[in-house]
Amino acid sequence: MGSLYSEYLSPSKVREHYNYTKETLDSQETPSRQVALVVIIILCFAIVVENLLVLIAVARNSKFHSAMYLFLGNLAASDLLAGVAFVANTLLSGPVTLGLTPVQWFAREGSAFITLSASVFSLLAIAIERHVAIAKVKLYGSDKSCRMLLLIAASWLISLALGGLPILGWNCLGHLEACSTVLPLYTKHYVLCVVTIFSVILLAIVALYVRIYCVVRSSHADVAGPQTLALLKTVTIVLGVFIVCWLPAFSILLLDYACPVRSCPVLYKAHYFFAFATLNSLLNPVIYTWRSRDLRREVLRPLRCCRRAAGVQGRRGGTPGHRLLPLRSSSSLERGTHMPTSPTFLEGNTVV
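Given the structure is predicted, the values throughout are model-derived calculations rather than measurements.

Scanning the protein from N- to C-terminus turns up 12 helices and 0 strands. Residue pairs in contact within the protein that sit at least 24 positions apart in sequence constitute 81% of those at least 6 positions apart. Element-wise, carbon and sulfur atoms account for 67% of the exposed surface of the protein, whose accessible area totals about 18,800 Å².

See the structure below:
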């Protein structure tokens, strides 16, 4: 065991494993790779900004402190970290990969597995919450918030454990014949185990949603109301987008397990499949804000504040001698009308 961990800092181990599993090595930068690098970094920046706005919206507005929105916030957090992890993965790939030590390589790949695990468990928590809400099951009790936070914490702990297994010893250092082609320091059995766990969880989520739809169709109007159906449609769209984005990557990992080393050339293009999967983290915030007017307004509020501040600065820097007159019509409208101030009355009970 001591000799195994001593290899973690060896600067030649990563090259040795890539030489064994790959036909050719990326030993130099190319113009096409540099263009792809810029595009991916811009994409990941958009992922981080989008999900950060969703997290700010959920945190600052008490209207979004329900179980459903907390779980969506947890999914947004995992998507945000996935964007950060993919940037690190991209910057440390290509020619840079061959200069990494095994512990650096495990940290690079493990971060991606951890965020993926957190996303899957967040989808499971959302499905359970929807089933509880539709079936009217008293699962949480009086300490609902505490139990929800414990469930979120447990999902992250399980994700950390699952993503950290290779660095703890479940890897193929010293056993080249057991190595994955797509992830040359991971053993094929670990990759198969992770994909199997995720697939079983996703199948369980699909089964939960099928049961929810059956309950909704056979229930009374108070259960199958428009708000319930809208929310159910939203989380179903989120699940469907996740499956569409990640199914090619899961398929390539299963093919990796079945193919002997250097016998499936498509495995050398696996990075395209993982780049496509990353689009899931970009699309989720779009789905939330598209489906909910309340959340959309809260998400866009910081952007409006920035635009308003820029407008004020522009007026202050205007031509000297010109004075800005107050808009009396606005204040008089406020005095002469009695508009409801609650977002519920202004926008209606919009849901995700």
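Read on for the rest.
This part covers the packing of aromatic side chains. Taken as a whole and judged by the stated rule, the model has 12 aromatic pairs. Ring centres of Phe113 and Tyr190 lie 5.9 Å apart, and the angle between their planes is 40°; on these two criteria the pair is classed as tilted. With Phe113 in helix α5 (residues 102-135) and Tyr190 in helix α7 (residues 188-217), this residue pair connects regions lying 77 residues apart in the sequence. Like Tyr190, Phe113 is buried. Seen in terms of ring centroids, Trp170 and Tyr190 are 5.4 Å apart; in terms of plane orientation they differ by 75°. Their pairing is edge-to-face.

Right, let's talk about the nonpolar core for a bit. Formed by 73 residues in total, the largest nonpolar core has its most connected members in Trp105, Ile126, Leu183, Tyr186, Ile205, Tyr209 and Trp246. With residues near it in sequence (within four places) discarded, Ile126 still touches Met68, Phe71, Leu72, Leu75, Tyr209 and Val235.

By the definition in use, this model includes 7 salt bridges. Across the pair Glu7 and Lys13 runs a salt bridge, and its minimum N-O distance is 3.6 Å. Ionic pairing is found between Arg130 and Glu129, a salt bridge with its closest N-O pair at 2.9 Å. Connected through salt bridges with shared partners, the residues Glu7, Lys13 and Glu16 form a single ionic network.

Below, the discussion takes up the confidence of the model for the protein. Looking at the protein as a whole, its pLDDT mean stands at 81, while 78% of the residues score no less than 70. Taken element by element, the predicted model of the protein shows its lowest mean pLDDT in helix α12 (residues 343-347) (34) and its highest in helix α4 (residues 67-91) (92). Note on residues 319-352: pLDDT under 50 across the span, and 33 contacts to partners over four residues away in sequence or across chains.

All right, on to the packing of α4 against helix α9 (residues 270-291) then. Where α4 contacts α9, the two axes come as close as 10 Å, and the packing angle between them is 145°. Relative to α9, α4 is oriented so that their crossing is left-handed. Of the residues in α9, those touching α4 at Leu72, Leu75, Ala76, Asp79, Ala82 and Phe86 are Phe274, Ala275, Thr278, Asn280, Ser281, Asn284 and Tyr288. Classifying every residue of the contact of α4 with α9 by side-chain character gives 8 nonpolar, 4 polar and 1 charged.

A contiguous nonpolar patch, built from Ile41, Leu91, Leu92 and Val96 and spanning about 270 Å² of accessible area, is present on the exposed surface. With relative accessibility at 43%, the residue Leu91 sits in the partly exposed group.

UniProt records the feature "transmembrane region" (unreviewed entry) for residues 35-58, 70-92, 112-128, 149-169, 189-210, 230-250 and 270-290 in the present numbering. Secondary structure within residues 35-58 divides into 100% helix and 0% strand; the distance between the first and last C-alpha atoms comes to 35 Å. The span residues 270-290 is 100% helical and 0% strand by assignment, and the distance between its end C-alpha atoms comes to 31 Å.

Here we come to the side chain of Thr97. Mapped onto the fold, Thr97 is located in the loop between α4 and α5. For Thr97, the side chain forms a polar contact with the side chain of Arg108, separated by 3.0 Å.

Moving on, we come to unusual backbone geometry. Of note, the phi angle at Arg262 is positive, near 60°, even though the residue is not glycine. As for its position among the elements, Arg262 is in the loop between α8 (226-258) and α9. Under the relative-accessibility criterion, Arg262 is labelled partly exposed at 40%.

Here the focus is the state of the cysteines. Each disulfide consists of one covalent bond between the sulfur atoms belonging to two cysteines. One pass over the full model with this rule turns up 2 disulfides. Two residues share a disulfide in this structure: Cys172 and Cys179, whose sulfurs sit 2.1 Å from each other. When the S-S torsion is 105°, as for the bridge of Cys172 with Cys179, the disulfide is right-handed. A residue is classified by how much of its surface remains accessible, and Cys172, at 1% relative accessible area, is buried. Judged by its relative accessible area of 5%, Cys179 falls in the buried class. Residue pairing for Cys259: its cysteine sulfur links by disulfide to Cys264, the two sulfurs lying 1.8 Å apart. Because the sign of the S-S torsion sets the handedness, a value of about -70° for the bond joining Cys259 and Cys264 places this disulfide among the left-handed ones. Taken individually, Cys259 and Cys264 each receive the classification buried, so the pair is uniform in this respect. In the protein, the bonded cysteines, numbered by position in the sequence, are linked as 1-2, 3-4.

Cut-off values and rules
- Going along each chain's sequence as written, the residues are numbered from 1 onward.
- Whole-chain, interface and lining totals are the exception, using all residues; otherwise, since this is a predicted model, local features are given only for residues with pLDDT of at least 70 and side-chain atom pairs are given and counted only at 80 or more.
- As a rule here, side-chain values cover all heavy atoms of the structure and leave hydrogens and water aside.
- The helix and strand labels rest on DSSP assignments: H or I over at least four residues marks a helix, E over at least two residues marks a strand, and numbering proceeds from the N terminus.
- In what follows, residue pairs with any heavy atoms lying within 4.5 Å of each other are defined as contacts.
- For the accessible areas, the method is Shrake-Rupley and the probe is 1.4 Å, while residue cover comes only from the protein chains on display.
- Side-chain rings of Phe, Tyr and Trp (the six-membered ring for Trp) are treated as a pair once their centres are within 6.5 Å; stacked means planes under 30 degrees apart, edge-to-face means over 60, and tilted covers the remaining angles.
- Accessible area is worked out with a 1.4 Å probe on protein chains only. A residue is then buried under 20% of its type maximum, exposed over 50%, and partly exposed in between.
- Take the buried Ala, Val, Leu, Ile, Met, Phe, Trp, Tyr and Cys residues and link them wherever side-chain atoms come within 4.5 Å; each set so joined is a nonpolar core.
- Any Lys or Arg side-chain nitrogen found within 4 Å of a carboxyl oxygen on Asp or Glu counts as a salt bridge.
- As a per-residue quantity, pLDDT reports the predictor's confidence and falls between 0 and 100.
- A fitted line through C-alpha atoms represents every axis, and for helices the fit uses only the stretch in contact; the resulting angles, taken between N-to-C directions, go from 0 to 180 degrees.
- By convention, the crossing between two helices is left-handed when the near helix turns anticlockwise from the far helix through less than a right angle, and right-handed when the turn is clockwise.
- Ten residue types, Ala, Val, Leu, Ile, Met, Phe, Trp, Tyr, Cys and Pro, are classed as nonpolar, four, Asp, Glu, Lys and Arg, as charged, and the remainder, Gly among them, as polar.
- For patch building, the residue pool is restricted to those with more than 30% relative accessible area and no salt bridge; the joining distance is 9 Å between like charges and 5 Å between nonpolar side chains (Val, Leu, Ile, Met, Phe, Trp, Tyr).
- UniProt positions are given in the numbering used here, feature names are shortened, and annotations may be inferred rather than shown by experiment.
- N or O atoms closer than or at 3.5 Å make up a polar contact, with two conditions inside protein: a donor-capable atom paired with an acceptor-capable one, and, for residues adjacent in sequence, both atoms drawn from side chains.
- In plain terms, two cysteine sulfur atoms within 2.5 Å form what is called a disulfide here.

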